[in-house]
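Residue-level structure breakdown
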Amino acid sequence: MAAKTQRIEITLETLLESVDLAEVIVMRIAEAAGFSEEDIHKMGMAVREGVINAYNYGNQQIRDKKIFMTVEFDADKMIVRVLDQGKGFELTEVPDPLAEENLLRTSGRGLFLMRAFMDEFNVHTAPGGGAELVMVKKLPDAVSGNGSRQPE
Amino acid sequence: MALQGTCREIEDIAIIDFSGKITLGEGSSTLRRTIRDLIDKGHRKIVLNLYDVDYIDSSGIGELVSGYTTVRNVEGEMKLLHLTKRVHDLLQITRLFTVFDVQSDEESALKSFR
């Protein structure tokens, strides 16, 4: 894929099916961008968790609300953003799922998994409200042109 | 593939051979329903064979935790068998590998019940 900024915007319905759809879309894009199978899987999982978060917590499963996903490339990164139409939240207020007292909680691991699977992860409250999850994965060297590896 | 489970019994131990994905929606619901049904039928020794489950998301992990707690609350035991690498790694990074009783082969799993 060319090392110039490209942007894909997708509007998803607040439906359970959107979780699978978003995952598949990002995995296909990541595959076309030259990521390894393992990274494609991780990115798919991260986006899956992001859309689950938007569906369940951001949009509270309210059918009329939308989930906005964008995928962008710059010179050395693929950036995925997932924006809901909820109230937003502070990452620091989310309980640590690895804390002993939280291990047996049945929810609360999605954000942790997004951070674990991506190279960078952050949460913003969008100007119009809503939580925007920003997930970044560095492009493989062969694609970005970094390092000594030759393009494939 | 949607999660499917087949139950077999060895003495008083129920082994569920699962295949498919344990994800938000149908997969998680199937897992929840399966464990609930086993408990309702009086089973207290349960093995979840995840040999053919290569995908689980946070909802699926939540259902495993819920199942573990539910079985424990009726003084039963639930064990996980044959984790694939991806499921194993997920349980490892979420620190749940130390919570669940994970067995690598069926014979060991059967012998491990109190």
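This section reports on the structure supplied with the text. (Residues numbered from 1 in each chain as written. Chains lettered and ligands numbered in written order. Predicted model: local features only at pLDDT ≥ 70, side-chain atom pairs only at ≥ 80, totals over all residues.)

As a further point, take the overall build of chain A. Broken down by element type, chain A carries 4 helices and 5 strands. From first element to last, N terminus to C terminus, chain A shows the α and β order β-α-α-β-β-α-β-β-α. A buried classification covers 38% of the 152 residues belonging to chain A. Partitioning the contacts of chain A with sequence separation of at least 6, the portion at a separation of at least 24 is 65%. (Helix = DSSP H or I, 4+ residues; strand = E, 2+ residues; numbered from the N terminus. Buried ≥ 20, exposed ≤ 12 C-beta atoms within 10 Å, placed from the backbone. Contact = placed C-beta atoms within 7 Å.)

Further remarks concern the nonpolar core. Core analysis: the largest hydrophobic core is formed by 35 residues, its most contacted members being V26(A), A46(A), V51(A) and V82(A). Mapped by element, the contributors of at least two residues to this core are helix 1 (17-32), helix 2 (37-58), strand 2 (66-73), strand 3 (77-83), helix 3 (110-117) and strand 5 (131-138) of chain A. The element that contributes the greatest number of residues to this core is helix 2 of chain A, accounting for 8 residues. Each residue touching V51(A), except ones within four places of it in the same chain, is listed here: L12(A), S18(A), V19(A), A22(A), I67(A) and V82(A). Formed by 30 residues, the second largest nonpolar core is a distinct cluster that contains A14(B), F18(B), V47(B) and I56(B). (Core = buried A, V, L, I, M, F, W, Y, C linked by C-beta atoms within 7 Å.)

Our next topic: helix 2 of chain A. Residues and elements named next belong to chain A. The terminal C-alpha atoms of helix 2 lie 30 Å apart, and with 22 residues this matches the ideal 32 Å at 1.5 Å per residue to within 8%. In terms of burial, helix 2 is a largely internal element, 16 of the 22 residues being buried. Downstream of helix 2 by a residue or two, Q60 has a phi angle that is positive, lying close to 55°. (Expected span 1.5 Å × (residues − 1).)

Positive phi, close to 55°, is recorded for Q60(A), a residue that is not glycine. With respect to the element layout, Q60(A) can be found in the loop between helix 2 and strand 2. Despite not being glycine, E11(B) shows a phi value in the positive range, around 55°. Relative to the elements of secondary structure, E11(B) occurs in the loop between strand 1 (4-10) and strand 2 (13-22).

So, on to the packing of helix 2 of chain A against helix 3 of chain A. Residues and elements named next belong to chain A. Helix 3 packs onto helix 2 with a crossing angle of 150° between their chain directions and a minimal axis gap of 9 Å. By the criterion of interaxial angle, the relationship of helix 2 to helix 3 is roughly antiparallel. Crossing hand, helix 2 versus helix 3: left-handed. Residue-level contacts link K42, M43, M45, A46, E49, G50, I52 and N53 of helix 2 to G110, L111, L113, M114 and F117 of helix 3. Its residues assigned to classes, the contact of helix 2 with helix 3 comprises 8 nonpolar, 3 polar and 2 charged. (Axes fitted to C-alpha atoms, helices over the stretch in contact; angles between N-to-C directions. Parallel < 35°, antiparallel > 145°, perpendicular 65-115°, else oblique. Left-handed = near helix turned anticlockwise from the far one by under 90°. Nonpolar A, V, L, I, M, F, W, Y, C, P; charged D, E, K, R; others polar.)

Quick look at the interface of chain A and chain B now. At the junction of the two partners, chain A supplies 16 residues and chain B supplies 15 residues. Only helix 2 and helix 3 of chain A provide two or more residues apiece to the side of chain A that touches chain B. Among the elements that line the side of chain A that touches chain B, the one with the most residues is helix 2 of chain A, at 4 residues. Here the residues of the side of chain A that touches chain B are counted per class, giving 10 nonpolar, 3 polar and 3 charged.

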